[in-house]
Amino acid sequence: MTPFTERVIHIIRCIPEGKVMTYGQIARHAGSPRAARQVVRILHAMSKKHRLPWHRVINAKGEIAIMDDEGSHMQSFLLQAEGVQITDQRYISLEHYQYHMQEDA
């Protein structure tokens, strides 16, 4: 596992219940600001193995990015269960729910 992948996994694990982070935000904190798509790949490949709270990661628009209905409904359900309000079935207010990680975490 690369150091970047290890950092991404650590960051995702640190997102508290009821909060979200964006793919790009995670990439920046992991040391590679232009690697948002790599964060997507890591989540896809390692969420189950590492028991990551994958549902707490959304796109920069505050939108659930999963396109298939089952996956987006599951993400929406899990976020709502943590108290996150979702509008139009896929939008989350980054102003209210975005997690801002400490630099030393």
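Conventions and cut-offs
Residues numbered from 1 in each chain as written. Predicted model: local features only at pLDDT ≥ 70, side-chain atom pairs only at ≥ 80, totals over all residues. Heavy atoms only, no water. Helix = DSSP H or I, 4+ residues; strand = E, 2+ residues; numbered from the N terminus. Contact = heavy atoms within 4.5 Å. Polar contact = N/O pair within 3.5 Å; in protein donor to acceptor, adjacent residues only side chain to side chain. Salt bridge = Lys/Arg side-chain N within 4 Å of Asp/Glu carboxyl O. Buried < 20%, exposed > 50% of the residue type's maximum accessible area, 1.4 Å probe, protein only.

> How would you summarise the environment of N59 if you had to cite specific residues and measurements?
With respect to the helices, strands and loops of the structure, N59 is situated in the loop between β2 (57-58) and α4 (69-81). Sequence separation between N59 and Q98 is 39 residues; the distance between their C-alpha atoms is 11 Å. Not counting residues within four places of it along the chain, the set of residues in contact with N59 comprises T22, Y23 and A65. There is a polar contact of 2.9 Å between the side chain of N59 and the backbone nitrogen of K61.

> Give me the lowdown on the pattern of salt bridges, citing residues and values where you can.
A complete count under the given rule lists 2 salt bridges for this structure. Across the pair R56 and E82 runs a salt bridge, and its minimum N-O distance is 2.7 Å. Residue R56 is located in the loop between α3 (36-46) and β2, and its partner E82 is located in the loop between α4 and β3 (86-87); the two are separated by 26 residues in the primary sequence. The burial state of R56 is the same as that of E82; both residues are buried. With a closest N to O distance of 3.2 Å, E63 and R90 form a salt bridge. Residue E63 is found in the loop between β2 and α4, and its partner R90 is found in the loop between β3 and β4 (91-92); the two are separated by 27 residues along the sequence. The two residues E63 and R90 agree in class, both being buried.

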